[in-house]
Amino acid sequence: MAFASRLSVRAVSLTLMSLTTPPFANASMGNLGTSYGVMPVDVATAQSMSMFNSQVSATYYNPAYLTSDPRGELTTGILHAEQELRSANPNANGDILSNTPSQHVLIGMKTNLGSLTRYDHPIYLGFIAGVEKYGKEMLAFSSETSESGQYLQYGKEPLFLNIGAATPIWRGVSAGVSARITLDATAKLDAVSTLGGETSRERLSVNAEPSLKTILGVSADLGSTFCPDRDCYLQGWEVATAYRTKSSASTTVDSNIIVTQTIPDPGLSLAVSTIDSFQPETLVLGAQYETENWRIGGSLEQQNWSDLEKEFTSDTIKDQQSVSSADRIRFDDIVIPRLGAETRLNPNFALRGGIAFEPSPLKTTRNPEINYLDTDKIVLGLGFSATYDRTRLLAYPVRFDLGYQYQQLQERDFTLVDTSGAETGVTADGDIHVFSGSLTLKF
């Protein structure tokens, strides 16, 4: 796989650099789905309505909801996030620590595979893929320690890939399962090098294995379940739950370097093992009430970030084994409340919005060797949809979606620790603006 080779070559370069200098890059523990939202509906509602989004992003948030619309779907979209992550540091020239944008292009499809079987029972298959830099960068990797501080959750995670299936079970109850696909890359390098950095007799092997992480979802239309043949107070109510296992990308590099006139055979063995783009184990409970002209809904989302502490114990770059147990990084499990609403101005236009409060999972404010920064966030979203029932060429409706999201990172004080042990107090905060658009074709 070309992108896996690119990943491993970068990691190999990191290993070669470590002959003379410590490794420095940039790290992130977020992803497209958890940081912003996959499609414009998710962005615009601060993910509060994602459990009940019938588009292909359901493969990530709640695969059971693929059954909510029996029609097939082809969706393309883009997402652009402008980040201004600040750190008020008395030793720095400015407050802006990072302002690199995230730019994704997305494509997804959903179809009913029930016609392939001898049984008249629908089975919906969906997938969605996202690539950074509007499709130009399939995989980027970085992992570092930092003296100036680095943000925990914001950074590149170019490859976003989910595939799933769902089917109705009984009277308004549906179940679905999907897989989030990440890569575990390994590389081995043997080489002879001069002091000037010129190598010879290189031998490089690269391997990248996909890692499948499970996502489970169940949804129920309470009116169809409990009173299918009559009106009752449960009409319009839907509930859903989803479970996502933890996942991360990882890279392992083993190298053996002989340096002419300095390090003779058998050479210097170097090993680097590190993780990036960690997604915590997540449990989500959601509910919505829908009428003919509007709907309102929300969710409670528990993210178990404490598992990340165990992942760091085997990370040779963010090496926590060399730090005293009292100073090691700590994470809290968090609960995120989300609330959103949508109104249909007419059969073809809809407005929606949402709000969420995301507490920081980073428990410790002094993190030697890594110097992570992370704050509580207030998330606001707004968006609209336009559906064209008839076009000159297509037999089915065409839908346009736009979404905007603003994230305000609340101020939080941290203590940075450099390699000499000197400490500096800083205040972290930031602003993030997210713009998303998509075009959906039904068939």
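None of the values given here were measured: they were computed from a predicted structure.

## A look at the overall build of the chain
- Looking only at helices and strands, the chain has seven helices and 19 strands in total.
- Its C-alpha radius of gyration of 24 Å places the chain within 12% of the 22 Å reference for a compact globule of 443 residues.
- Its C-alpha atoms give the chain principal-axis dimensions of roughly 85 × 50 × 40 Å.
- Across the 443 residues in the chain, those meeting the buried criterion constitute 50%.
- Long-range contacts, defined here as pairs at least 24 residues apart, represent 72% of the contacts in the chain between residues at least 6 apart.
- Only carbon and sulfur atoms are counted for the fraction: they give 57% of the accessible area of the chain, which is about 20,100 Å².
- Seen as two clouds, the 34 positive and the 49 negative side-chain charges of the chain have centres 7 Å apart.

## Considerations on the packing of aromatic side chains
- Taken as a whole and assessed by the stated rule, the structure comprises 12 aromatic pairs.
- Taken together, a centroid distance of 5.7 Å and an interplanar angle of 85 degrees make the contact between F52 and Y65 edge-to-face. Placement of the pair is F52 in the loop between α3 (40-44) and α4 (58-61) and Y65 in the loop between α4 and β1 (73-88), with a sequence separation of 13 residues. Per residue, the accessibility class of F52 equals that of Y65, and both read buried.
- Relative to Y372, the ring of F312 has its centre 6.3 Å away and its plane inclined at 25 degrees; by these criteria the two rings are stacked. Placement of the pair is F312 in helix α7 (residues 307-312) and Y372 in strand β16 (residues 372-373), with a sequence separation of 60 residues.
- Y372 sits in the buried class, given a relative accessible area of 1%.

## Focus on the pairing of strand β3 (residues 102-112)
- In this structure, β1 lies alongside β3, joined through nine bridges in antiparallel fashion. Its bridge partner being in β3, G77 is matched across the sheet by L106.
- Bridge analysis of β3 against strand β4 (residues 124-131) gives eight bridges, and the strand direction is antiparallel. Bridge pairing in β4 places L106 opposite G130.

## A word on the confidence of the model for the chain
- Across the chain, the average pLDDT comes to 87, with 93% of residues at or above 70.
- Low pLDDT, under 50, characterises residues 1-27; the predicted model gives this stretch 60 contacts beyond four residues in sequence or across chains.

## Some words on the pattern of salt bridges
- Counting across every chain of the model gives 20 salt bridges.
- Here D69 makes a salt bridge to K442, at a shortest N to O gap of 3.1 Å. Of this pair, D69 sits in the loop between α4 and β1 while K442 is found in strand β19 (residues 423-442), placing the two residues 373 residues apart along the sequence.
- The closest approach of N and O atoms between R295 and E342, which form a salt bridge, is 3.4 Å. Of this pair, R295 sits in strand β13 (residues 294-304) while E342 sits in strand β14 (residues 334-346); the two residues are 47 residues apart in sequence, bridging distant segments of the chain.
- In this structure E342 comes out as buried when scored by relative accessible area, which is 8%.
- Several salt bridges converge on common partners, so that one network encompasses E290, R295, E342, R344, R352, R399 and D401.

## So, a nonpolar patch on the surface
- Together, W294, I296, L339, I355, F357, I378 and L380 make up a nonpolar patch on the protein surface, roughly 590 Å² of accessible area in all.
- Secondary structure elements with two or more residues in the nonpolar patch: β13, β15 (349-358) and β17 (377-388).
- Tracing the chain through its elements places I355 in strand β15.
- With a relative accessible area of 41%, I355 lands in the partly exposed category.

## Concerning the nonpolar core
- With 39 residues, the main nonpolar core has M29 and F312 as its most contacted residues.
- When residues of this core are traced back to their parent elements, those giving at least two are α4, β1, β11 (263-279), α7, β14, β16, β18 (398-417) and β19.
- No other element matches the four residues that β19 contributes to this core.
- Beyond its immediate chain neighbours, meaning those up to four positions away, F312 contacts M29, I275, K318, Q320, I329, F331, I370 and Y372.
- Counting residues in hydrophobic clusters, the runner-up holds 10 residues, among them A58, Y124, A166 and A242.

## Some points on unusual backbone geometry
- Cis rather than trans, the peptide bond between D265 and P266 has omega equal to 15 degrees.
- Residues other than glycine seldom take positive phi values, yet R201 does so here, at roughly 50 degrees.
- You can call R201 exposed: its relative accessible area is 68%.

## Re the environment of T375
- Structurally, T375 is set in the loop between β16 and β17.
- Sequence separation between T375 and P361 is 14 residues; the distance between their C-alpha atoms is 8.4 Å.
- Setting aside residues no more than four positions away along its own chain, T375 makes contact with E358, S360, L409, Q410, R412 and A428.
- A polar contact of 3.3 Å, which involves the side chain of T375, links it to the backbone oxygen of Q410.

Rules used throughout
- Residues numbered from 1 in each chain as written.
- Predicted model: local features only at pLDDT ≥ 70, side-chain atom pairs only at ≥ 80, totals over all residues.
- Heavy atoms only, no water.
- Helix = DSSP H or I, 4+ residues; strand = E, 2+ residues; numbered from the N terminus.
- Rg over C-alpha atoms; globule rule 2.2 N^0.38 Å.
- Buried < 20%, exposed > 50% of the residue type's maximum accessible area, 1.4 Å probe, protein only.
- Contact = heavy atoms within 4.5 Å.
- Areas by Shrake-Rupley, 256 points an atom, 1.4 Å probe, with all protein chains shown as cover.
- Lys, Arg positive; Asp, Glu negative; His and termini not counted.
- Charge placed at Lys NZ, Arg CZ, Asp CG, Glu CD.
- Phe/Tyr/Trp six-rings, centres within 6.5 Å; stacked < 30°, edge-to-face > 60°.
- Pairing = 2+ DSSP bridges.
- pLDDT = per-residue confidence, 0-100.
- Salt bridge = Lys/Arg side-chain N within 4 Å of Asp/Glu carboxyl O.
- Patch = residues over 30% accessible without salt bridge, like charges linked within 9 Å, V, L, I, M, F, W, Y side chains within 5 Å.
- Core = buried A, V, L, I, M, F, W, Y, C linked by side-chain atoms within 4.5 Å.
- Polar contact = N/O pair within 3.5 Å; in protein donor to acceptor, adjacent residues only side chain to side chain.

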